[in-house]
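Observations on chain architecture
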Amino acid sequence: MNLANRNLVTIDDLSNGEIEALFSLADEMADSPRTQSGVCQGQIMASLFFEPSTRTRLSFETAMLRLGGRVITAVDIGATSLAKGESIADMAKVVGSYADIIVIRHPWEGAAKVVADYAGVPVINAGDGSHEHPTQTLCDLYTIRKKRQTLRGLRIALWGDLKHGRTVHSLIYALARFGATMLFSARAGLEMPEHVLGKLTTEYGYRSIEVNALGEEAKRGLFPLDAMYVTPDRPHQPAMFPDIPGFSIQIKGDIETLKKHGINASLHYNISENEFEIRLKKSEIDTLYVMRLQKERRASTEEAQELKRNYPVVDKRLLKGKEFKKTLVMHPLPRVDELAHDVDDDPRSMYFKQAAYGVPVRMALLGLLLGAREVPIPEKGDSSVRKVDYPVYAGDSKVKCPNTNCVSNQETEVRYIKPEFKIVSREPMTLRCVYCDHELHPQYVASSDWHEGKLENKKYHSADSYFARKIKPGNLIIFASENDAQGHHFRPSSYVKQ
Ligand code: CP
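A short tour of the structure in this document, coming up. Remember, predicted model here, so these are calculated numbers, not experimental data. (Residues numbered from 1 in each chain as written. Predicted model: local features only at pLDDT ≥ 70, side-chain atom pairs only at ≥ 80, totals over all residues. Heavy atoms only, no water.)

Turning next to the site of the ligand. The ligand sits among Pro52, Ser53, Thr54, Arg55, Thr56, Arg105, His133, Gln136, Pro332 and Leu333. One nitrogen or oxygen atom from the main chain of Thr54 is found 2.8 Å from an oxygen atom belonging to the ligand. A distance of 2.9 Å is found between a nitrogen atom of the ligand and a backbone nitrogen or oxygen belonging to Pro332. In the complex, 91% of the free accessible area of the ligand, which totals 250 Å², lies under the protein chains. Structurally, the ligand is housed in the second largest pocket. Across the shell around the ligand, the residue classes break down as 3 nonpolar, 5 polar and 2 charged. (Near = heavy atom within 4 Å. Polar contact = N/O pair within 3.5 Å; in protein donor to acceptor, adjacent residues only side chain to side chain. Areas by Shrake-Rupley, 256 points an atom, 1.4 Å probe, with all protein chains shown as cover. 1 Å grid on protein atoms, 1.4 Å probe; cavity = no way out; pocket = protein on both sides within 12 Å on 5 of 7 lines; lining within 4 Å. Sits in = over half its atoms within 2 Å of the grid points. Nonpolar A, V, L, I, M, F, W, Y, C, P; charged D, E, K, R; others polar.)

Written out as structure tokens, the structure is:
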């Protein structure tokens, strides 16, 4: 495998086979870290960390030093010319002319993609806002593989702040590709964001089972869950259940799907409600992945204080549960209060190992992206998940990413970044920002072949109209609003809802 000159901005930049091949090289690096000093001799890594970091920054820098390379560092935006209003693109071009590879952490979602677009050297995303943290995912997967000898078909529970935790966003995309069943146990108000779930269902074909919809009786005694996401390759079989009135297709399908994924579930008749319901029983969980409250992503300290109250804690008592008997307890660290110190000596605790594996994993990654090492890709590593090639929309209208923290909305970057979106669905019209993955649902569209020689044909339509869905992707014009459409001299057609 030759990964020379590639970027790692999102975990999807690496195929399953490439991840497994990288891990074989990481094994070699871990076995003899002190004999690798010739691998990147003469190469320079720029380490740009514009948010606090201990593990990611220091393990990347250690990795580069172990490989015989050298490191230049900037750790404070205020000490760089970004503070004078320089754009990320200009900074990237300059740093790319000094260093052979760039590792960047930045508070804006999509910032690493912009650096990769302009640097001219390989770029590694070390965390961009709440978006992704792909190298943490590599450390997580490497840890699981070391303990379980496989990454396939795992049952993994994700716990805590699933909304802002970038590490879990990269992790669930990777786990989806390896066919995991995912159990979400979020702090109320910090559930997995809609756009991440949207990607999980559209891009990876996962389907959700809303546990909250099952009711309290159904969940009694169970490890607190709010949603389950299951693989598409083992479809539910509603036909196996009798056609009982009030017993929805969804419930019939869900129970069969749960069983197929090893989640113990049984069917009960609730006399008072005259309804059938699913009850869940304790099922073994392979990995419990704990997230701290990302208080730095909260609008105010009051809001953070409120969310801190009743934040779920993983401790010795919880881990006494039958379902956690062989569970790997993982955390990207740093931890605050959500993971008790009384668990540290437990053989199931993996978090300090995850951090330690950061060095060999990042050594392997640097060696591969710098073209200093090559490894064969195992055939079995190919992803079973279909990769969807969505058409991209980059029109001139005022359509903007709805995420205020997206790099495409920042004052210093709007001068040169043109918003771009993947068209992931026409029904309803759904665009996904190429920088941060947030979704938007524009209401008005038109076709660029409007004129047919006649100005009166320059009309816009409701995005959910039959006519709108007929417009070829290459001809599609998307408007942020009716004002936007009219500003481009389009008039409403009869396909615009009044
Ligand atoms: N896991 C992780 O990203 O840790 P740091 O913030 O310390 O780099």
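Okay, back to it.
The next thing to look at is the sheet that holds strand β19 (residues 476–479). Strand order in the open sheet formed by 4 strands is β19-β17-β18-β20, with mixed pairing between adjacent strands. Unpaired on one side and paired on the other, β19 and β20 (491–492) mark the two borders of the sheet. Relative to β19, strand β17 (residues 444–447) runs antiparallel, the two being bridged by 4 bridges. Bridging across to β19, Ala446 finds its partner in Ile477. (Pairing = 2+ DSSP bridges. Helix = DSSP H or I, 4+ residues; strand = E, 2+ residues; numbered from the N terminus.)

We now examine a nonpolar patch on the surface. Side chains of Ile72, Val94 and Tyr98 sit close together on the surface and give an oily, nonpolar patch of about 280 Å² of accessible area. Mapping Val94 onto the fold places it in helix α3 (residues 88–98). (Patch = residues over 30% accessible without salt bridge, like charges linked within 9 Å, V, L, I, M, F, W, Y side chains within 5 Å. Salt bridge = Lys/Arg side-chain N within 4 Å of Asp/Glu carboxyl O.)

Empty space within the largest pocket amounts to approximately 490 Å³. What lines the largest pocket is a set of 25 residues, and nearest its centre among them are Thr10, Asp13, Lys113, Lys422 and Val434. Secondary structure elements with two or more residues in the lining of the largest pocket: α4 (111–119) and β15 (429–433). Here the element with the most residues in the lining of the largest pocket is α4; it accounts for 3 residues. Per-class residue counts for the lining of the largest pocket are 9 nonpolar, 3 polar and 13 charged. By volume, the second largest pocket is sized at about 390 Å³. For the second largest pocket, the lining is made up of 20 residues, of which Pro52, Arg105, Arg166, Arg292 and Pro334 are closest to its centre. If you list the elements that add at least two residues to the lining of the second largest pocket, you get α2 (55–66) and α6 (166–177). (Points joined across faces, edges and corners; volume = space filled by probe spheres on them.)

Here we come to the sheet that holds strand β13 (residues 392–393). If you trace the 4 strands from one edge of the open sheet to the other, you get β13-β14-β15-β16, paired in antiparallel fashion. The sheet is open, and its two edges are formed by β13 and β16 (439–440), each paired on a single side. Sheet analysis places β15 next to β16, joined by 2 bridges and oriented antiparallel. Bridging from a neighbouring strand, Arg432 pairs with Glu439 of β16.

For the rest of this paragraph, the subject is unusual backbone geometry. With an omega dihedral of 5°, the bond running from Leu333 to Pro334 counts as a cis peptide bond. One can find Pro334 in the loop between β12 (328–330) and α11 (351–369). Residue Pro428 is reached from Glu427 by a cis peptide bond, and omega for that bond is 5°. Take Pro428: it is sitting in the loop between β14 (421–426) and β15. Phi at Asn310 is positive, roughly 60°, even though this residue is not glycine. Looking at the secondary structure, you find Asn310 in the loop between α10 (301–308) and β12. Taking relative accessible area as the criterion, Asn310 reaches 72% and is therefore assigned exposed. One non-glycine residue, Leu333, lies in the positive phi region at around 60°. Tracing the backbone through its elements, the reader meets Leu333 in the loop between β12 and α11. Overall, the relative accessible area of 12% leaves Leu333 in the buried class. (Buried < 20%, exposed > 50% of the residue type's maximum accessible area, 1.4 Å probe, protein only.)

The tally for this structure, following the rule as stated, stands at 2 cavities of 30 Å³ or more. When its volume is computed, the second largest cavity comes out at roughly 30 Å³. Lining the second largest cavity we find Arg55, Gln136, Cys139, Gln354, Ala355, Gly358 and Arg362. Mapped onto the lining of the second largest cavity, the elements with two or more residues apiece are α5 (134–148) and α11. The biggest single contributor to the lining of the second largest cavity is α11, with 4 residues. Tallied by class, residues from the lining of the second largest cavity come to 2 nonpolar, 3 polar and 2 charged.

Among soluble globular proteins, nonpolar side chains are generally buried collectively. Ranked by size, the top nonpolar core spans 69 residues in total, and within it Leu138, Leu158, Met182 and Phe184 carry the most contacts. Counting residues per element, this core draws most heavily on α11, at 9 residues. When sequence neighbours within four positions are dropped, the list of residues in contact with Leu138 reads Leu8, Ile11, Leu14, Ile19, Leu22, Phe23, Val361 and Leu365. Counting residues in hydrophobic clusters, the runner-up holds 52 residues, among them Trp108, Ala111, Cys436 and Tyr444. (Core = buried A, V, L, I, M, F, W, Y, C linked by side-chain atoms within 4.5 Å. Contact = heavy atoms within 4.5 Å.)

Here the focus is the pattern of salt bridges. Overall, the coordinates contain 20 salt bridges when judged by the stated rule. A salt bridge links Arg292 to Glu296, with the shortest nitrogen-to-oxygen separation between them at 2.8 Å. Assessed through its relative accessible area of 14%, Arg292 is described here as buried. We note a salt bridge from Arg309 to Glu306, for which the minimum N-O separation is 2.7 Å. Exposure remark for Arg309: the relative accessible area of 49% places this residue in the partly exposed category. What makes Glu306 partly exposed here is its relative accessible area of 42%. The network of salt bridges with common partners includes Asp27, Arg145 and Lys146.

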